[in-house]
Structure formats: structure tokens, C-alpha cells
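Here is how the chains run, residue by residue.
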Amino acid sequence: MDINFELYKVFYYVAKNHSFSQASRDLFISQSAVSQSIRSLEKKMDTALFVRSTRSVRLTPAGETLFRYIEPAVNLILRGQAQTADTHSMKAGQLRIGASDTICRYYLVPYIQAFHEHFPLVHIKVTNGTSEQCAGFLENGQVDLIVSNYPNPRLDSWAEIRFLKEFQDIFAASQAFGHLRGRTLSLHDLLGSPILMLDKNSTTSKFLHRICQQRQLDLVPEAELSSNDLLLDLARIGLGIAFVPDYCLPENDPDLFRLDIQEEIPRRSLAACWSEKMPLSEAGKYFLDSLTGSQI
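For the chain, the helix and strand inventory stands at ten helices and 14 strands. Taken against the 2.2 N^0.38 rule, which gives 19 Å for 296 residues, the C-alpha radius of gyration of the chain at 31 Å runs more than 25% over that of a compact globule. Across its three principal axes, the chain shows a C-alpha extent of roughly 100 × 35 × 30 Å. Among the 296 residues that make up the chain, the fraction classed as buried is 47%. A sequence separation of at least 24 residues applies to 69% of the contacts in the chain between residues at least 6 apart.

So, in C-alpha cells, the structure goes:
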């Protein structure tokens, strides 16, 4: 039985109000259009749905049965419409972000705070992982957008990319390596010291390994960890020299200093990325604009 939803909608408003005239006002259509819709529905269903009199309208037993099913269905659709409108107006909905712990802590926190203050009813979900793992989250539809280190080989062929800021990777050491302060070191010389770096699955680790391979240098880290903060903590106690993005280390850090490297280490970028196959939600668009300075 192929019945237009609009007929069920008219039925719902007549049954709810026990009135054709009130239904016409709620639906912003003429009373004759309401009557015609009900006659059409009754004809298609081959049964009377209302008992009409000059003073009232009441449901037949068949109409009462139909109303028990139509009422929750229409209410669900109306709630869905309202929820969609609220999401569009940023009164509800969800913002799903993927980023590494380091990017979250040292870059994203103020943007997330500002977004939450503007739109407290929008739920923010942050999923952590390496930049390559976050690319996987994005590709699988688990997040709306990610902020990633770039270059990121998992993003080039299919993602939309907006560059946010450049950064420089640095080597940071404590006074345990004070004899290296003020010297310009080659990577060959530097690799004679214990190197602390992120684990081999991170884009940062792959980046440094690639630089060393290009120069035919053998990079054997002293420690490979999942957190830049932990790398810096271990560097502070003199366990080794940490390879980290420069935005993780304040210029005036009292415990660590930056080593001068002879070779030029290419600068990298932070980039906001989203899938070209999945349009950004209103929340995602606003947050993306905030990252580029349009909203914050």
C-alpha cells in the first residue's frame, strides 16, 4: 500500500485535535484540503477512520488502531526535524576531532575551550592517536576532522587539507649534555649521544629516520615512547636528547636547551584535514574556521 506521508500527517493532526478546523490551522492548509486528505486516506485504506458529526470528530476503532502507530512515528519525525534544526543552529549536535596527545595539549586546547564557551550544548568528542592513526579515523568516518602533522602519507590522495602553522623539529637536552651547548653539531656527531624519540609508528619518528637514511646515518634510539611530554621529562633527568616539535618546549625553559644542528631539518606543518566524501557539519565548519583565525 503506497500512501504519501502527508496523508498520515493530516490524519495525526485531526486525530490529536479531534477537529478538522484545528488541524487546518496547525498545518497551515485549508479545511477543505484537510477533509480531502482524510477522504483519500480512508479510500486507500478502504476503511472509515473518523465518525463525523456537526459538533465533534472522533476516531473509529480502526482509526484508534492506526493512531496508536502513527502518533509515535510522527512525533519521532518531528523530533528529528527539530534536532536537525538545533544542530544547524549549534544548539545541539556533536563535534568529533582526531589529534595526537601533543597536538591536543600544545595547540588545540584553547580552540576547544573557545568553541565550548560559544556552543556549550554541542558535545565535543576528541579521539587521540598518532597522526597516521587519526587519518585512519577520518577515512573510516569516526571523526569529522583531524589536526595532523604534515606531511602525512595517509592523507595526500583523498583528504581536504588546510594548513594551520609551520613548526620546526628540535633536539632538546639538559645540563647533563652541557658540553654540547653553543656548538654546531652534525647529525653524525649527535647520533653518538642517546636519542629519545617517539615510537616508530609516529610521523615524527618516520620523519627523522628518513632524514638519517638520506644521509646514510644509522639511527638507533635510546628510547621510543608514545608521548613527547615523557620524552622531555626523561631529557630533563639527563637520560638522553629528545627530538620534539619546537612548540612543545618554551624558549625560556629552565631545564632544557636547544641544540644547534649543522644540517637543515625541513620544517613541517600542522594541518586540519577532513574527508572530501563527507561534508563537514556546521560545528565542524565553525571549528575549522576558528583554527584559521576566522572565529577565535
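An order of E4-E3-E5-E14-E6 is seen for the five strands of this open sheet, with the pairing classed as mixed. Single-partner strands in this sheet number two, and they are strand E4 (123-128) and strand E6 (159-167). The sheet shows a mean angle of 20° between the axes of neighbouring strands, direction not considered. Relative to E4, strand E3 (residues 94-99) runs parallel, the two sharing six bridges. Bridge assignment links Gly 98 to a residue of E4, and that residue is Thr 127. Each of E3, strand E5 (145-150), E6 and strand E14 (268-275) touches helix H10 (residues 282-291); the most contacted strand, E3, lies at about 50° to it.

Attention now moves to the layout of surface pockets. Its boundaries defined by the atoms lining it, the largest pocket holds a volume of some 290 Å³. Lining the largest pocket are 20 residues, with Ser 100, Gly 129, Thr 130, Leu 198 and Ser 226 positioned closest to its centre. Elements with a contribution of two residues or more to the lining of the largest pocket: helix H5 (101-118), helix H6 (131-139) and helix H8 (203-214). Looking at side-chain class alone, the lining of the largest pocket contains three nonpolar, 15 polar and two charged residues. Put simply, the second largest pocket is a space of about 160 Å³. Top contributing element to the lining of the second largest pocket by residue count: strand E7 (residues 169-173), with three residues. Broken down by class, the residue content of the lining of the second largest pocket amounts to five nonpolar, one polar and five charged.

It is worth spelling out the packing of aromatic side chains at this point. Enumeration according to the criterion identifies 14 aromatic pairs in this entry. Their ring planes at 50° and their centres at 5.4 Å tell us that Phe 11 and Phe 50 sit as a pair that is tilted. Placement of the pair is Phe 11 in helix H1 (residues 5-17) and Phe 50 in strand E1 (residues 50-52), with a sequence separation of 39 residues. For the pair Phe 11 and Phe 50, one class covers both residues: buried. For the pair Tyr 107 and Tyr 111, a centre-to-centre distance of 5.2 Å together with 40° between the ring planes defines the contact as tilted. Of this pair, Tyr 107 and Tyr 111 are both found in helix H5, four residues apart, which corresponds to roughly one turn of the helix. For the pair formed by Tyr 107 and Tyr 111, the shared burial category is buried. Three or more aromatic residues joined by ring pairs make a cluster, and in this case those are Phe 11, Tyr 12, Tyr 13, Phe 20, Phe 50 and Phe 67. A cation over a ring is seen here: Arg 181 above Phe 257, with NZ or CZ 4.2 Å from the ring centre. The ring centre of Phe 207 lies 4.7 Å from the NZ or CZ of Arg 268, which sits over that ring.

For the rest of this paragraph, the subject is unusual backbone geometry. Glycine aside, residues mostly have negative phi, and peptide bonds are mostly found in the trans state. Here the residue pair Tyr 150 and Pro 151 is connected by a cis peptide bond, since its omega of 15° sits within 30 degrees of zero. Secondary-structure assignment places Pro 151 in the loop between E5 and E6. In this structure, His 18 takes a positive phi of about 55° despite not being glycine. Take His 18: its relative accessible area is 49%, and that puts it in the partly exposed class. A positive phi angle, near 60°, is found at Phe 28, a position not held by glycine.

Another aspect to go through is the sheet that holds strand E12 (residues 257-258). Taken together, the five strands give an open sheet; going across it, the order is E10-E9-E11-E7-E12, and neighbouring strands pair in mixed fashion. Here the strands that pair on one side only, and so sit at the sheet edges, are strand E10 (223-225) and E12. Pairing between strand E9 (residues 195-198) and strand E11 (residues 241-245): two bridges, direction parallel. Bridge pairing in E11 places Leu 196 opposite Ala 242. Along the sheet, H8 makes contact with E7, E9, E10 and E11, crossing E9 at roughly 130°.

Basis of the calculations
- Residues numbered from 1 in each chain as written.
- Predicted model: local features only at pLDDT ≥ 70, side-chain atom pairs only at ≥ 80, totals over all residues.
- Heavy atoms only, no water.
- Helix = DSSP H or I, 4+ residues; strand = E, 2+ residues; numbered from the N terminus.
- Rg over C-alpha atoms; globule rule 2.2 N^0.38 Å.
- Buried < 20%, exposed > 50% of the residue type's maximum accessible area, 1.4 Å probe, protein only.
- Contact = heavy atoms within 4.5 Å.
- Pairing = 2+ DSSP bridges.
- Axes fitted to C-alpha atoms, helices over the stretch in contact; angles between N-to-C directions.
- 1 Å grid on protein atoms, 1.4 Å probe; cavity = no way out; pocket = protein on both sides within 12 Å on 5 of 7 lines; lining within 4 Å.
- Points joined across faces, edges and corners; volume = space filled by probe spheres on them.
- Nonpolar A, V, L, I, M, F, W, Y, C, P; charged D, E, K, R; others polar.
- Phe/Tyr/Trp six-rings, centres within 6.5 Å; stacked < 30°, edge-to-face > 60°.
- Lys NZ or Arg CZ within 6 Å of the ring centre and 35° of its normal.

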